[in-house]
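# Residue-level structure breakdown
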Amino acid sequence: MAKKKITKTAKRRLTVLTPIVFLAIGYCAFTLVTTVISIYKLHHEESSLKEELKNLKGNSEELKTEIDKLQDKDYVARYARENYLYTRDGEYVIKVDAEDKKETKEKFKITDEHIIYGSVTLFALVFFYIILKHRKRKKEKNKKNIKK
């Protein structure tokens, strides 16, 4: 089997172009991932805005009925007693504090972005590890062939 000799210029081209190609591929992958994430966020935002619009339309109907009810003086008096602690003569107000609902905020919240970036990084590391192993095996093979 005839061996092809690689010239110095070809080696120089490979050493210069290989990192450039990897950087271009990495940039394209990064751009692709960020675009996919932004599209995902926009779809999620669109669905939440549609839900909010639906809720607002429902609230609009409730407010219209509330406006109709507020035309009645007895309803206004009862509403003021319930919501603003107004009293009639001889009534007492006993205020009961309900427990405040505390929202627990997670210190480190894992989002979809973190999962995607982590996956892409892991893929890149595995890819570069395989390339380095392949090069190392190739060098060892060349050394064995040279010794023979």
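Worth saying up front: this structure is predicted, and the values here are computed from it rather than measured. (Residues numbered from 1 in each chain as written. Predicted model: local features only at pLDDT ≥ 70, side-chain atom pairs only at ≥ 80, totals over all residues. Heavy atoms only, no water.)

Once that is clear, we can look at the overall build of the chain. On a plain count of helices and strands, the chain comes out with 3 helices and 0 strands. Beginning at the N terminus, the succession of helices and strands in the chain can be written as α-α-α. Each of the 148 residues in the chain was classed as buried or not, and the buried ones make up 3%. (Helix = DSSP H or I, 4+ residues; strand = E, 2+ residues; numbered from the N terminus. Buried < 20%, exposed > 50% of the residue type's maximum accessible area, 1.4 Å probe, protein only.)

Next up on the list: the packing of aromatic side chains. For any pair of aromatic rings, the description consists of the separation of the ring centres together with the inter-plane angle of the planes. Within this structure, the stated rule accounts for 7 aromatic pairs. Among the aromatic residues, those joined into a ring-pair cluster are Phe22, Phe123, Phe127 and Phe128. (Phe/Tyr/Trp six-rings, centres within 6.5 Å; stacked < 30°, edge-to-face > 60°.)

Where nonpolar side chains cluster on the molecular surface, the patch consists of Val16, Leu17, Ile20, Val21 and Ile25 and spans about 450 Å² of accessible area. With respect to the secondary-structure elements, valine 21 resides in helix α1 (residues 8-69). For valine 21, a relative accessible area of 44% gives the class partly exposed. (Patch = residues over 30% accessible without salt bridge, like charges linked within 9 Å, V, L, I, M, F, W, Y side chains within 5 Å. Areas by Shrake-Rupley, 256 points an atom, 1.4 Å probe, with all protein chains shown as cover. Salt bridge = Lys/Arg side-chain N within 4 Å of Asp/Glu carboxyl O.)

A contiguous patch of positive charge on the surface is contributed by Arg135, Lys138, Lys139, Lys143, Lys144 and Lys147. Tracing the sequence through the fold places lysine 144 in helix α3 (residues 112-147). The exposure class of lysine 144 is exposed, given its relative accessible area of 57%. (Lys, Arg positive; Asp, Glu negative; His and termini not counted. Charge placed at Lys NZ, Arg CZ, Asp CG, Glu CD.)

Given a rise of 1.5 Å per residue, 12 residues ought to cover 16 Å, and the 16 Å separating the end C-alpha atoms of helix α2 (residues 73-84) matches this to within 8%. Looking at the residues trailing α2, positive phi occurs at leucine 85, about 60°. (Expected span 1.5 Å × (residues − 1).)

Our next topic: the pattern of salt bridges. Pairing is possible between side chains of opposite charge, provided their charged atoms come close. In this structure the tally under the stated criterion is 1 salt bridge. Of the charged contacts, one joins glutamate 46 and lysine 50 as a salt bridge, the two residues approaching to 3.6 Å between their closest N and O atoms. Here glutamate 46 and its partner lysine 50 are both found in helix α1, 4 residues apart, which amounts to about one turn of the helix. Judged by relative accessible area, which is 39%, glutamate 46 ranks as partly exposed.

With that settled, consider α1. For α1, with 62 residues, the first-to-last C-alpha span of 91 Å sits near the 92 Å given by 1.5 Å per residue. Within α1, the axis deviates most sharply at leucine 17, by approximately 25°, and proline proline 19 lies no more than four positions further along. (Bend = angle between axes of the 7 residues up to and from the residue.)

This paragraph deals with the confidence of the model for the chain. Taken over all residues, the pLDDT of the chain has a mean of 83, while the share at 70 or more is 90%. For the chain, the element scoring lowest by mean pLDDT is α3, at 82; α1 scores highest, at 91. (pLDDT = per-residue confidence, 0-100.)

A few words on the packing of α1 against α3. Closest axis-to-axis distance for the α1/α3 pair is 10 Å, and the angle between their directions is 160°. As the angle between them shows, α1 and α3 are arranged roughly antiparallel. α3 is crossed by α1, and the crossing has right-handed handedness. Every residue of α3 that contacts α1 at Thr18, Phe22, Phe30, Val33, Thr34, Ile37, Tyr40 and Lys41 is listed here: Asp112, Glu113, Ile116, Tyr117, Val120, Phe127, Phe128, Ile131 and Arg135. (Axes fitted to C-alpha atoms, helices over the stretch in contact; angles between N-to-C directions. Parallel < 35°, antiparallel > 145°, perpendicular 65-115°, else oblique. Left-handed = near helix turned anticlockwise from the far one by under 90°. Contact = heavy atoms within 4.5 Å.)

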